[in-house]
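# Coordinate inspection notes
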Amino acid sequence: MADRTRNYLVREEFLTYAYILLYIALSSGQIFFNKWVLSSKEINFPYPLGLTLLHMVFSSVLCFVLTKVLKIMKVEEGMTAEIYATSVIPIGAMFAMTLWLGNTAYLYISVSFAQMLKAIMPVAVFILGVAAGLEVMSCRMLLIMSLISFGVLVASYGEININWIGVVYQMGGVVGEALRLIFMEILVKRKGIKLNPISVMYYVSPCRHVFALCLFIPWIFLEKPKMDARGAWSFQPLILTLNSLCTFALNLSVFLVISHTSALTIRVAGVVKDWVVVLLSALLFADTKLTIINLFGYGIAIAGVAAYNNHKLKKEATRGTSNESQQAESIPLTSSSTTEK
């Protein structure tokens, strides 16, 4: 019995690390894949709006097929119209904005610099969390946020060629992702809905059709004229399909990690992923020139992100211990009462 339990724990630990490595590989690979597709020197599909539309429609259709046609994934019930309108739709909107602005940024700045700017994410999440009443301002968190901001500032100062249009797009994507995380936390904590990630993806998918339509309108005015001016649209169906499939696989890898660990693990794994992307981008792309100041500033920012993750980990552990204590105190002592009788 002991050997069977030990084997089970070893197998679960192996699966957990395998899923984390899969997430890091897919997340890093998707960033490079998007840059490769959008780059004028490579696939030359410089249409971030069009690429975002393709990702959203592909994910929605594939999610419907998996859940309703093939019924491979189970969708939990409990969603109401009010919750859908106040929480799920904003999540879908922020998801669309994040993809659009993040992909557009790759047209102007290098992959490594984009990842350096993404290190400011905990700051955006914390500030918006305080505004929404989900976080509490403290000296410790203020120090951590200041450390991250200082690191990103130093890394930006070390960037040789800063394109401020790309910086604005990237920071807009950071704010969109921060808002998406805030809305997801509100959905879970304030609305009282306990949904697995697959269910969240399923419920958000219909929203993607709405926001795909919203993105379709600016695509007509911003990108379609450029595509028409080039004559025949240069599509490479196989590459674009693989790119969309990788995006969907990345979402599933996030769900696998969360189901075996927690959402916090994604943040910790994201720190490792950011380092992988920054270092590999220097080898893969000619527009990436890393300097000592770049690496020093990014190192400071990552140290701040690690401190933030550690603080959240301790907070979650304390909250979990508190909940277990409350549950233990609320259990009636039926066996003692029976004995006394």
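As a reminder, the structure under discussion sits directly above these lines.
So, here is what we can say about the structure in this document. (Residues numbered from 1 in each chain as written. Predicted model: local features only at pLDDT ≥ 70, side-chain atom pairs only at ≥ 80, totals over all residues. Heavy atoms only, no water.)

Attention now moves to the overall build of the protein. Tallying secondary structure elements over the protein gives 13 helices and zero strands in all. Helices (α) and strands (β) of the protein occur, in sequence order from the N terminus, as α-α-α-α-α-α-α-α-α-α-α-α-α. Looking at the protein residue by residue over its 341 residues, the buried ones come to 45%. Summed over its atoms, the accessible surface of the protein is roughly 18100 Å², and 69% of this surface lies on carbon and sulfur atoms. (Helix = DSSP H or I, 4+ residues; strand = E, 2+ residues; numbered from the N terminus. Buried < 20%, exposed > 50% of the residue type's maximum accessible area, 1.4 Å probe, protein only. Areas by Shrake-Rupley, 256 points an atom, 1.4 Å probe, with all protein chains shown as cover.)

Core analysis: the largest hydrophobic core is formed by 55 residues, its most contacted members being V37, F45, M145, I148 and V152. It is helix α6 (residues 139-157) that contributes the most residues to this core, six residues altogether. Core analysis: the next-biggest nonpolar cluster, separate from the first, contains seven residues, I20, Y23, I24 and A269 among them. (Core = buried A, V, L, I, M, F, W, Y, C linked by side-chain atoms within 4.5 Å.)

Side chains of F216, I217, I220, F221 and L222 sit close together on the surface and give an oily, nonpolar patch of about 490 Å² of accessible area. Structurally, the position occupied by L222 is in helix α8 (residues 197-222). (Patch = residues over 30% accessible without salt bridge, like charges linked within 9 Å, V, L, I, M, F, W, Y side chains within 5 Å. Salt bridge = Lys/Arg side-chain N within 4 Å of Asp/Glu carboxyl O.)

Let us now look at the environment of A105. As for its placement among the helices and strands, A105 is situated in helix α3 (residues 81-105). On the accessibility criterion, A105 (0% relative accessible area) is buried. Separated by 64 residues in the primary sequence, A105 and Y169 place their C-alpha atoms 5.2 Å from one another. With near-sequence residues (within four places) excluded, A105 lies in contact with G166, Y169 and Q170. (Contact = heavy atoms within 4.5 Å.)

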